[in-house]
Amino acid sequence: MLTFDLLHTDPANADTGYAGSHARRGTLTLNHGVVQTPIFMPVGTYGTVKGVMPSSLEDMGAQIILGNTFHLWMRPGQDVMQSFGGLHGFERWNKPILTDSGGFQVWSLGAMRKITEQGVHFSSPVNGDKLFMSPEVSMQIQTTLNSDIVMQLDECTPYLSVEPKTKGQITTEREARTSMEMSLRWAKRSQDEFARLENPNALFGIVQGGMFEHLRQESLEALVAMNFPGYAVGGVSVGEPKDEMLRIMAHSPHRLPTNKPRYLMGVGTPEDLVEGVAQGVDMFDCVMPTRNARNGTLFTRYGDLKIRNARHKTDHGPLDPTCTCYACKGVTRPDGSVSGGFSRAYLHHLDRCAEMLSPMLSSIHNLHYYLNLMAEIRASLESGTFGAFRAQFKADRARGV
Ligand SMILES: O=c1nc[nH]c2cc3[nH]c(NCCN4CCCCC4)nc3cc12
Ligand SMILES: [Zn+2]
């Protein structure tokens, strides 16, 4: 089940000269709960958002998280997942979950796979077993996972060609068309299997087409004709130059149905999220907050900082003075005492000592930064000030920490 209600848009304003944008504020109702959009979805590939407790995710306002069909199929396997009634029971997360179909992850395996019309043949990276992922198999696994949003199996068209004759060159229009058209056939097969399994959740189609706007148009028109309850824009954030991603981001999302959720896969930096919202995107996911946290890169309102830098060694201030997360502000107990609220000096020390608490606190901060950014965007759309918010966001981020 899925319903999507639009609450606010971002119209032009002749009086102020504001051009408006495709941004919109909505509410997404799924089987495991309601999600306020625009939304960032923390990535929990193996059934955990790395280094972050579910209670912390709830405390920071995470409304929906990602799981990954491919990884969970490899380990712990479909039978274990089945025994828990799906991913919610297994990882003890009772809010909505979106699962990616596994195609991108198998594609990321590189050489260890063979893509055919029927599906993808590959060797398990866990034990070397010969495996086969098809639209039908992906739907069967995602039905076992019982995720609220299921992604069709698609082929993520690479930015650089993998074909022997043109390997390493930019994917040609013909290669992108061939790939996009197969993803459309897999979209139909995914939809048919999803229906045959009587899956009660929502299946999203994924727009492909490489860096070719006319192929993107063909893909989205064909998917819209198949009447999915929601749509994703795939095939970006795959190593293409930033201006190419921005060009596709400007082409496809707002051409998808206004009354259905739009998900931009694998994106991105804080700047990408704000730009994506302006282009009409409702949902984002990216490993950047947690991955950057593990390598000591922290996002703040006034720019990014490397906690390992010696200049933080004696700094008594928080990572971000405007942040209310456990690492920056801490939590005030009923007796008035404060738990958490650490200095940059302490976080620098933890990083230098390679203490476990370092990536844990950094992940909490970075995820809180992303979730809070989306909360501020939603508030600005509710008050009709998204244009001003966007300008302030850009100026603040350029200030430097
Ligand atoms: O076309 C896609 N179909 C299915 N799933 C996808 C997932 C994706 N994830 C990404 N990009 C993730 C890039 N990420 C950025 C931060 C560092 C690690 C890699 N593009 C994607 C395209 C697709
Ligand atoms: Zn913080």
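See the structure above.
Quantities reported herein were computed from a predicted structural model and do not represent experimental measurements.

K.L.:
Would you explain the site of ligand 1 in this entry?
P.N.:
Around ligand 1, 16 residues are found, and the nearest of them are Asp 100, Asp 154, Gly 235, Val 236 and Ser 237. Within the side chain of Asp 154, an N or O atom sits 2.7 Å from a nitrogen atom of ligand 1. Gln 208 is positioned with one of its side-chain polar atoms (N or O) 2.9 Å from an oxygen atom of ligand 1. Notes on ligand 1: free accessible area 510 Å², of which the protein chains cover 82%.

K.L.:
What exactly am I supposed to notice about the pairing of strand 6 (residues 97-100) here?
P.N.:
Looking along a regular strand, one sees the side chains alternate between the two faces of the sheet. By the alternation rule, side chains of strand 6 split into Ile 97 and Thr 99 and Leu 98 and Asp 100, which are all buried. Where strand 5 (residues 65-68) lies against strand 6, four bridges are found, and the strand directions are parallel. Note that in strand 6 the partner of Ile 65 across the bridge is Ile 97. Sheet topology places strand 6 next to strand 10 (residues 149-151); two bridges connect them, and they run parallel. By the bridge assignment, Leu 98 is partnered in strand 10 with Ile 149.

K.L.:
Whenever I open this one, the packing of aromatic side chains confuses me. Can you help?
P.N.:
Throughout the structure, instances matching the rule amount to 12 aromatic pairs. Relative to Phe 122, the ring of Phe 70 has its centre 5.4 Å away and its plane inclined at 55 degrees; by these criteria the two rings are tilted. Of this pair, Phe 70 sits in helix 2 (residues 69-74) while Phe 122 sits in strand 8 (residues 120-123); the two residues are 52 residues apart in sequence, bridging distant segments of the chain. Accessibility expressed as a relative area gives 2% for Phe 70, which makes it buried.

K.L.:
Honestly, the pairing of strand 15 (residues 297-300) in this entry has me stumped. Any pointers?
P.N.:
Where burial is concerned, the two faces of strand 15 agree: the one with Thr 297 and Phe 299 and the one with Leu 298 and Thr 300 are both buried. With four bridges connecting them, strand 15 and strand 16 (residues 303-306) associate as antiparallel partners. The partner of Thr 300 across the bridge, within strand 16, is Gly 303. The antiparallel hairpin formed by strand 15 and strand 16 contains two residues in its connecting segment.

K.L.:
What am I meant to see in the packing of helix 12 (residues 344-352) against helix 13 (residues 357-382) here?
P.N.:
In a packed pair of helices, the relevant descriptors are the angle between the two axes and the axis-to-axis distance. The contact between helix 12 and helix 13 brings their axes to 8 Å, and the two run at 130 degrees. The angle between helix 12 and helix 13 places the two elements in the oblique class. Residues Tyr 346, Leu 347, Leu 350 and Asp 351 of helix 12 form the contact with helix 13, whose own contacting residues are Leu 357, Ser 358 and Leu 361. Class assignment for the residues of the contact of helix 12 with helix 13 results in five nonpolar, one polar and one charged.

K.L.:
Hey, could you run me through the pattern of salt bridges in this one?
P.N.:
Side-chain pairing between opposite charges can occur once the charged atoms of the two side chains come close. This structure, assessed with the given rule, holds 18 salt bridges. Here Arg 185 and Glu 117 are joined by a salt bridge, their closest N and O atoms 2.8 Å apart. On the criterion of sequence distance, the pair formed by Arg 185 in helix 7 (residues 173-196) and Glu 117 in the loop between strand 7 (113-115) and strand 8 is long-range, its members being 68 residues apart. Judged by relative accessible area, which is 39%, Arg 185 ranks as partly exposed. Here the residues in one salt-bridge network are Glu 173, Arg 177, Glu 181 and Glu 218, joined through shared partners.

K.L.:
So what exactly am I meant to see when it comes to the sheet that holds strand 10 here?
P.N.:
The strands that make up a sheet pair up through hydrogen bonds in the backbone, lying either parallel or antiparallel. Overall, parallel pairing links the eight strands, which are arranged 4-14-13-12-11-10-6-5 in an open sheet. Edge positions in the sheet fall to strand 4 (39-41) and strand 5, since each has one partner strand and no second. When strand polarity is set aside, the average angle formed by the axes of neighbouring strands in this sheet is 25 degrees. Here three bridges tie strand 10 to strand 11 (residues 202-207), and the two strands are oriented parallel to one another. Each bridged residue has a counterpart across the sheet, and for Met 151 the counterpart in strand 11 is Phe 204.

K.L.:
Explanation requested: the nonpolar core in the structure shown.
P.N.:
As a rule of thumb, soluble globular proteins bury nonpolar side chains together. Counting residues in each nonpolar core, the largest one holds 86 residues, and the members touching the most others are Phe 40, Phe 284, Ile 377 and Phe 386. Looking at this core element by element, the count peaks at 10 residues for helix 13. Both domains that furnish three or more residues to this core are identified here as domain 1 (2-286) and domain 2 (294-399). Filtering out sequence-adjacent residues up to four positions away, Ile 377 remains in contact with Pro 38, Val 274, Val 277, Phe 386 and Phe 389.

Rules behind the numbers
- Residues numbered from 1 in each chain as written.
- Chains lettered and ligands numbered in written order.
- Predicted model: local features only at pLDDT ≥ 70, side-chain atom pairs only at ≥ 80, totals over all residues.
- Heavy atoms only, no water.
- Near = heavy atom within 4 Å.
- Polar contact = N/O pair within 3.5 Å; in protein donor to acceptor, adjacent residues only side chain to side chain.
- Areas by Shrake-Rupley, 256 points an atom, 1.4 Å probe, with all protein chains shown as cover.
- Buried < 20%, exposed > 50% of the residue type's maximum accessible area, 1.4 Å probe, protein only.
- Helix = DSSP H or I, 4+ residues; strand = E, 2+ residues; numbered from the N terminus.
- Pairing = 2+ DSSP bridges.
- Phe/Tyr/Trp six-rings, centres within 6.5 Å; stacked < 30°, edge-to-face > 60°.
- Axes fitted to C-alpha atoms, helices over the stretch in contact; angles between N-to-C directions.
- Parallel < 35°, antiparallel > 145°, perpendicular 65-115°, else oblique.
- Contact = heavy atoms within 4.5 Å.
- Nonpolar A, V, L, I, M, F, W, Y, C, P; charged D, E, K, R; others polar.
- Salt bridge = Lys/Arg side-chain N within 4 Å of Asp/Glu carboxyl O.
- Core = buried A, V, L, I, M, F, W, Y, C linked by side-chain atoms within 4.5 Å.
- Domains from an automatic or database assignment.

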